[in-house]
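If you want the building blocks of each chain, they are given just below.
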Amino acid sequence: MTRQEFLDQVLSPLGRLTAQERENVRRELEEHVEDRMEALLEMGWDAELAEERCLEAMGDPAEIGREMARQYRGRGWLWIGRAAVALTVVMCIQALLGFGMLSNVWSSLEARICPSTAISIGGLKDVEAEEALDIRAEVGNDILRIYQVYVGEKDGQRAAMVLACMYDRLPFGIAADGLASRSELWNERGGTGTSAGGSGNYRAEYAVRWTPVEPGDTHVVWEYRAIGETVRLEIPLPGGEETV
């Protein structure tokens, strides 16, 4: 599937958007693809193969389009914007439908549908295996999602690196901050590494953590502690015993 075909399928369910709104969504998607490709190109991937891999990782374009259409319908932005006649109301609607707000909303949708893999994996070298995951848990009003695991070399030892994100259960809600500082990644012997970084905004938080692993290890455990609650998620390592 080409990039154009992918974008067309995403936009197909968004029939109620204006031409400008569709262009804004298309621009956001284009930038997201470019961000994903950049990390692969830096690793020496061919541009065509990198684009193909990025589109596959983003998921089903029809489902992405349906999810975005549900969010627009749920908030009633389009109906309100077209029905408002008072000048003050029009100005507010224009602000809400501006590119900046759409960008913030996209951060929340991105974490739900296709989290970014452009976040730094903290100096992990000689990556020998990786796997996309979809492990989610509720934490208060938020959702903690584990979405990628790598196995490679970190600081001279074999290590597992895990990528996670957190977002509010409501697409327009504010996510809790401090995901990286409140998380630990444990191996099967109870050992842990350190944080490899974090990023995000008030719509979605991202974090990367690593821990040493040994041959024969089959899983690691992500532990998140906040608001008096501890969540532990078991994460399978790619390839099991044959890989690690």
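The rules we used
- Residues numbered from 1 in each chain as written.
- Predicted model: local features only at pLDDT ≥ 70, side-chain atom pairs only at ≥ 80, totals over all residues.
- Heavy atoms only, no water.
- Pairing = 2+ DSSP bridges.
- Helix = DSSP H or I, 4+ residues; strand = E, 2+ residues; numbered from the N terminus.
- Axes fitted to C-alpha atoms, helices over the stretch in contact; angles between N-to-C directions.
- Salt bridge = Lys/Arg side-chain N within 4 Å of Asp/Glu carboxyl O.
- Buried < 20%, exposed > 50% of the residue type's maximum accessible area, 1.4 Å probe, protein only.
- pLDDT = per-residue confidence, 0-100.
- Contact = heavy atoms within 4.5 Å.
- Polar contact = N/O pair within 3.5 Å; in protein donor to acceptor, adjacent residues only side chain to side chain.

Participant: So, the sheet that holds strand E4 (residues 183-186): which residues are in play, and what are the values?
Facilitator: Spatially, the three strands line up as an open sheet ordered E4-E7-E8, and their pairing is antiparallel. This sheet does not close on itself; its edge strands, each paired only once, are E4 and strand E8 (229-236). Across the sheet, the mean angle separating the axes of adjacent strands is 20 degrees when strand polarity is ignored. In terms of strand pairing, E4 meets strand E7 (residues 219-226) through four bridges, oriented antiparallel. What sits directly across from Ser 183, in E7, is Tyr 224.

Participant: Give me the pattern of salt bridges: which residues, what numbers.
Facilitator: Summed over all chains, the structure comprises eleven salt bridges. As a salt-bridge pair, Glu 128 and Arg 158 come within 3.7 Å of each other at their nearest N and O atoms. Of the two residues, Glu 128 is situated in strand E1 (residues 125-139) and Arg 158 in strand E3 (residues 157-168); the sequence distance between them amounts to 30 residues. A salt bridge links Asp 134 to Arg 136; the nearest nitrogen and oxygen atoms lie 2.6 Å apart. By relative accessible area, which is 47% here, Asp 134 ends up partly exposed. Each member of the salt-bridge network shares a partner with another, and the members are Arg 3, Glu 30 and Glu 51.

Participant: Tell me about the confidence of the model for the chain, residues and numbers included.
Facilitator: Confidence in the prediction of the chain, expressed as mean pLDDT, is 75, and 75% of residues score 70 or more. Element-level mean pLDDT values for the chain span from 38 in helix H6 (residues 87-96) up to 93 in E4. For residues 74-103, every residue scores under 50 in pLDDT, and the model assigns this stretch 34 contacts once sequence neighbours within four places are set aside.

Participant: Outline unusual backbone geometry, listing residues and values.
Facilitator: Of note, Asp 126 is a non-glycine position whose phi angle comes to about 50 degrees, a positive value. Mapped onto the secondary structure, Asp 126 falls in strand E1. Although it is not a glycine, Asp 155 adopts a positive phi angle of roughly 55 degrees. Among the secondary structure elements, Asp 155 is positioned in the loop between strand E2 (142-154) and E3.

Participant: Could you give me a rundown of the side chain of Glu 223, with the residues and numbers involved?
Facilitator: Of note, Glu 223 is situated in strand E7. You can call Glu 223 buried: its relative accessible area is 11%. At 2.5 Å, the side chain of Glu 223 forms a polar contact with the side chain of Arg 232. Dropping the residues within four chain positions of it, Glu 223 is found in contact with Arg 182, Ser 183, Glu 184, Trp 186, Thr 230, Val 231 and Arg 232.

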